[in-house]
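A look at the structure
Listed below, chain by chain, are the residues.
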Amino acid sequence: MRAPEPAAAGEPALAVDGVVAGYGGGDVLHGVTFSVTEGGLTCIVGPNGSGKSTLLATISGLLKPSRGSITFRGEPIAGKSPRQILDLGIVLVPQNHSLFREMTVRENIELGGYTLRSSALVAKRRAHVEEIFPQVAGWARQKAGSLSGGQQRLVEFARCLMLDPGLVILDEPSMGLSPKVLKSVFDAVRLMRASGKTILLVEQNARAGLRLSTHGVVMENGRVRLQGTGREVLEHPESGALYLGGAVTPVNGNGNGDCEPGPGAGARAPGQAS
Ligand SMILES: Nc1ncnc2c1ncn2[C@@H]1O[C@H](COP(=O)(O)OP(=O)(O)O)[C@@H](O)[C@H]1O
Ligand SMILES: [Mg+2]
């Protein structure tokens, strides 16, 4: 299967429209609509359990939507297998660490190119990836399991670039990392974008993720509650309460306009039926 041509810059690379999906015990996504701009960085934020990973699983073919459409560079992909979607150029770096700990960094990275047919192409891609992430080249012979959490994230990023993807999907790359290490992971996300990649990022460090992004999407209860430019979402009076699960700031007055998280983690936005 040939990967589709990129959309024009600024056009949607990925369009998700009215997607309903779940795990059999009921729907988790209740009609999700948003798009990812070609060349941009779209950041999805929202409280735990709002369906972000489920959405990513649906885009990457691990779950089949029962309704709605997903289009990548003009080609409908809903219902295709994970392998077909990978071949079209969509790669997912999952939420949980996914390296083979007993294998070397280089072996892990080369595994990212396991669908490539020629070893010359694997070598060429590896050289390119090591140019983008020179630190990773320095760890080539170490066992992946001997690296720190932040270093492993960089190796996962390098591995996902082996297929020269048209869309890189990152599910909470900063999860479990210390604040000191976060910056290096966000810098690496920036580097991937600068190397020309279109990125869909799910991030629990909502502010940091939105600051990196061109577009922001806030999910809650399997629905998109807000979307706009990264800045619009960051500055929206309701978004702090929504994505940080903090104290609710009433949008109709009385509030102090502050969207910092309150102590009541897990609180819902006003008027949200579940
Ligand atoms: N493999 C699964 N099987 C059944 N239910 C699941 C599975 N994964 C997630 N869920 C449920 O789907 C909902 C959304 O979860 P998830 O997509 O992981 O949210 P998020 O990534 O936003 O934290 C939760 O209620 C969760 O319990
Ligand atoms: Mg998740």
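For the structure itself, consult the block above.
Read on for a plain summary of the structure. A quick note: this is a predicted structure, and the numbers were derived from the prediction, not measured.

1. Comments concerning the nonpolar core
Within soluble globular proteins, side chains that are nonpolar tend to cluster in buried spots. Residues Ala158, Leu167 and Ile169 are the most contacted members of the largest nonpolar core, which totals 67 residues. With 6 residues, helix H6 (residues 149-161) is the single largest residue contributor to this core. In contact with Leu167, not counting residues within four places along its chain, are Ala13, Leu14, Val36, Phe72, Gly89, Ile90, Thr198 and Leu200.

2. Here we look at the packing of H6 against helix H7 (residues 179-194)
Taken N-terminus to C-terminus, the directions of H6 and H7 make an angle of 10°; their axes are 9 Å apart at the nearest point. The pairing of H6 with H7 is recorded here as roughly parallel in orientation. Contact with H6, carried on its side by Gly149, Gly150, Arg153, Leu154 and Phe157, involves Val181, Ser184, Val185, Ala188 and Met192 of H7 and no other residues of that element. Within the contact of H6 with H7, the residues separate by chemical class into 6 nonpolar, 3 polar and 1 charged.

3. A few points about the sheet that holds strand S7 (residues 167-171)
Ordered by their spatial adjacency, 6 strands build an open sheet running S6-S7-S8-S3-S9-S10, and the pairing between neighbours is mixed. Because the sheet does not close on itself, it has two edges, and the strands there are strand S6 (90-93) and strand S10 (223-229). With strand direction ignored, the average angle separating the axes of adjacent strands in the sheet is 15°. Across 4 bridges, strand S3 (residues 41-45) lies against strand S8 (residues 198-202) in parallel orientation. Bridge pairing in S8 places Thr42 opposite Leu200. Contacts between helix H1 (residues 52-59) and the sheet are confined to S3, S6, S7, S8 and strand S9 (215-220), with S7 contributing the most and set at about 150° to the helix.

4. As for the environment of Glu75
Looking at the secondary structure, you find Glu75 in strand S5 (residues 75-76). Residues Glu75 and Ala15, 60 residues apart in the sequence, show an inter-C-alpha distance of 9.8 Å. For Glu75, the contacting residues outside a window of four places in its chain are Pro4 and Leu88.

Conventions and cut-offs
- Residues numbered from 1 in each chain as written.
- Chains lettered and ligands numbered in written order.
- Predicted model: local features only at pLDDT ≥ 70, side-chain atom pairs only at ≥ 80, totals over all residues.
- Core = buried A, V, L, I, M, F, W, Y, C linked by C-beta atoms within 7 Å.
- Buried ≥ 20, exposed ≤ 12 C-beta atoms within 10 Å, placed from the backbone.
- Helix = DSSP H or I, 4+ residues; strand = E, 2+ residues; numbered from the N terminus.
- Contact = placed C-beta atoms within 7 Å.
- Axes fitted to C-alpha atoms, helices over the stretch in contact; angles between N-to-C directions.
- Parallel < 35°, antiparallel > 145°, perpendicular 65-115°, else oblique.
- Nonpolar A, V, L, I, M, F, W, Y, C, P; charged D, E, K, R; others polar.
- Pairing = 2+ DSSP bridges.

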